Amino acid sequence: MQSCYDVVIVGGGMVGGTLACALGNTSLKVAVIENQLPAPFESAQEHDLRVSALSIASENILKSIGSWQGILDRRSCPYRRMKVWEASEEHAATLFDSLNLQYDHLGHIVENRIIQLALIDQMKALNNVELITPAKTKRIDYSPGSSIIELDDGRQLVARLIVAADGGESRVRQTVGIGVQKWDYEQQALVASVTTTYPQQDITWQQFTPTGPLAFLPLSGQRASLVWYNTPAEVKRLMSCSEEQFMAELVNEFPEALGSIDSLLGRGSFPLRRQHAQQYVKEGVALVGDAAHMIHPLAGQGVNIGLLDAAALAEVLINAEAAGEEISSLAVLSDYEKHRRRHNFVMMQAMDLFYRVFSNDVLPLKLLRNVGLSVAGKAFPLKRKVMAFAMGLEGDLPTLAK
C-alpha cells in the first residue's frame, strides 16, 4: 500500500527532527522515518557520553519550533564563559564572557538523546507530521517529484521531496548519486563522563597541546564531559587502560583547572573525519546535517550547522509552497544550497585551520597561536567577533535562528 507525502525525511535524529518540527502546522504533509527511538529519560539516569554544545542560534531555532522547553524540563547545563590557553601557559589564557555581549549565557551543553526526545514530543503533537518508527528503509526508487521509499515492513511512501537526514553514510545520498569529498584526520576523540569535586560549573575550556586539545564541558550538577583529542594509537591505548590507570592518565595530562575527579562514569571514542557533499540538492532531493557535511568537532559546531541547515530548508520550502512553487524543483532547492553550502564550507575551512595550527609543536606556529590568543583576549572588537561566531550569531541566518 502506498501513502503520499509532500516531504519524507529519512532520519529522525536531531537535524531531521528539527526540520520536521519546523515544517509543523503548515500545509505540507510530512513523514519522518526513524530506525530506533532513543531510550526514555529519567532524572536519576547518569549523563550520556554524547553531548552537544548548543549555540544561541540553535536555542532560538528549538524555541521557535516548540522543543526548547522539553529540553529544559529534562536536563541541560548553560555555560556563561569559555576559556582557551596553550599548554603550560594558563597565565596567558583568553577568557570569553557572555556578559560582554549582554547575554546571560554563551550556550547550553545538552545530551544528544535529550534533544532528540524533545523533538519527538513535538513531532507527535503535530497534525501534519507522521513519525514512522521503528522502520528501516529497504529500497529507494528515486524519481524527481515522485520518489518511492519502501520500508522493511513492505509499506511504500511516495514523496515529492526526499530529505536525507540519515548521517555521514547516508543511504539516500548514495542512492541518488551525490558524491562526497572526504578524508580522515590524524586524530580521534576520546570522551569521558566524570564526577568532580567542583560544584556546578558555568565554564567550558580547552587547553591546546601538541597532540590535540583537552576540553572540559560542564554538565548539570557535579558532572562533566571531558574530550581528549589524540592520535588513533594513543586513544586506543587509553581505551584499553583499566579504570584506575585511565583516571591516573587524566590526572597526569589534564590541567589543574579540572580539579579533582571523584569517579569515572563512562568513556568512548570515535574517529574524526572531514566530509562534504559535492552538492546539497538534486531535483526532488535535499541533504541536511551529516549527510551533507562532517567537520572537526574542535569548536563544537557540527550539530549547530546541521540545525541551521534544517531551519534554512524549512524556510525555503514554506515560502515556496506559499508562493505556489514546486517544492521539489531544482530552482527552489538551489536557494537552500546557496544559503548553506558556502556558510558550511567556510566553517569547515576554519575548523581545519584550527586543527592544523593548534595540534602540533612546531615553534613558528606555536608563537603564532600564542600571539593570536593574546590579541583575541585584548582586542575587544575581535573578542566580540569570536564570541558571536561561537554563539552562531554571525552570517546570513535563517529566520528561525534569529
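None of these values were measured; they are calculated from a predicted model.

Peer 1: Which residues make up helix 7 (residues 243–253), and what values go with them?
Peer 2: Taken together, the buried positions of helix 7 are occupied by F246, M247, E249 and L250. Summarising the axial view, the buried residues of helix 7 lie within an arc of 155°, below the 170-degree limit, and thus occupy one face. Structural note: helix 7 exposes E244, V251 and N252 on the side pointing more than 90 degrees away from its buried face. Where the residues of helix 7 are buried, they touch strand 12 (180–196), strand 15 (223–230), helix 6 (232–240) and strand 16 (261–277).

Peer 1: Describe in detail the packing of aromatic side chains, supporting the description with residues and values.
Peer 2: Each aromatic ring pair is characterised by the separation of its centres together with the angle its planes make. Evaluated as defined, the whole model comprises six aromatic pairs. Centroid distance W205 to F216: 5.4 Å. Interplanar angle 10°. Geometry classified as stacked. Of this pair, W205 sits in strand 13 (residues 203–208) while F216 sits in strand 14 (residues 214–218); the two residues are eleven residues apart in sequence, bridging distant segments of the chain. Judged by its relative accessible area of 3%, W205 is buried.

Peer 1: An account of the environment of Q279 is requested, with residue identities and associated values reported.
Peer 2: Tracing the chain through its elements places Q279 in the loop between strand 16 and strand 17 (281–282). Counting along the chain gives 44 residues from Q279 to V235, while the straight-line C-alpha distance between them is 34 Å. When sequence neighbours within four positions are dropped, the list of residues in contact with Q279 reads I178, L287, E337 and R341. A distance of 2.9 Å separates a polar side-chain atom of Q279 from the backbone oxygen of V281.

Peer 1: If you had to explain the pattern of salt bridges to someone new, which residues and values would you point to?
Peer 2: For the coordinates displayed, the defined rule picks out 20 salt bridges. Between R155 and D153 there is a salt bridge, with the nearest N and O atoms lying 2.8 Å from each other. On the accessibility criterion, D153 (47% relative accessible area) is partly exposed. Across the pair K338 and D335 runs a salt bridge, and its minimum N-O distance is 3.6 Å. Of the two residues, K338 and D335 both sit in helix 9 (residues 330–358), three residues apart, roughly one turn of that helix. Residues participating in the shared-partner salt-bridge network are D6, R160, E321 and E326.

Peer 1: Give me the sheet that holds strand 3 (residues 51–55): which residues, what numbers.
Peer 2: With antiparallel pairing, the three strands of this open sheet are ordered in space as 3-7-4. Among the strands making up the open sheet, the edge pair consists of strand 3 and strand 4 (77–79). Ignoring strand direction, the axes of neighbouring strands in this sheet form an average angle of 30°. Across five bridges, the pairing between strand 3 and strand 7 (residues 107–111) is antiparallel. Within strand 7, the residue paired with S52 across the bridge is V110.

The rules behind these values
- Residues numbered from 1 in each chain as written.
- Predicted model: local features only at pLDDT ≥ 70, side-chain atom pairs only at ≥ 80, totals over all residues.
- Heavy atoms only, no water.
- Buried < 20%, exposed > 50% of the residue type's maximum accessible area, 1.4 Å probe, protein only.
- Helix = DSSP H or I, 4+ residues; strand = E, 2+ residues; numbered from the N terminus.
- Arc of directions from axis to C-beta.
- Contact = heavy atoms within 4.5 Å.
- Phe/Tyr/Trp six-rings, centres within 6.5 Å; stacked < 30°, edge-to-face > 60°.
- Polar contact = N/O pair within 3.5 Å; in protein donor to acceptor, adjacent residues only side chain to side chain.
- Salt bridge = Lys/Arg side-chain N within 4 Å of Asp/Glu carboxyl O.
- Pairing = 2+ DSSP bridges.
- Axes fitted to C-alpha atoms, helices over the stretch in contact; angles between N-to-C directions.

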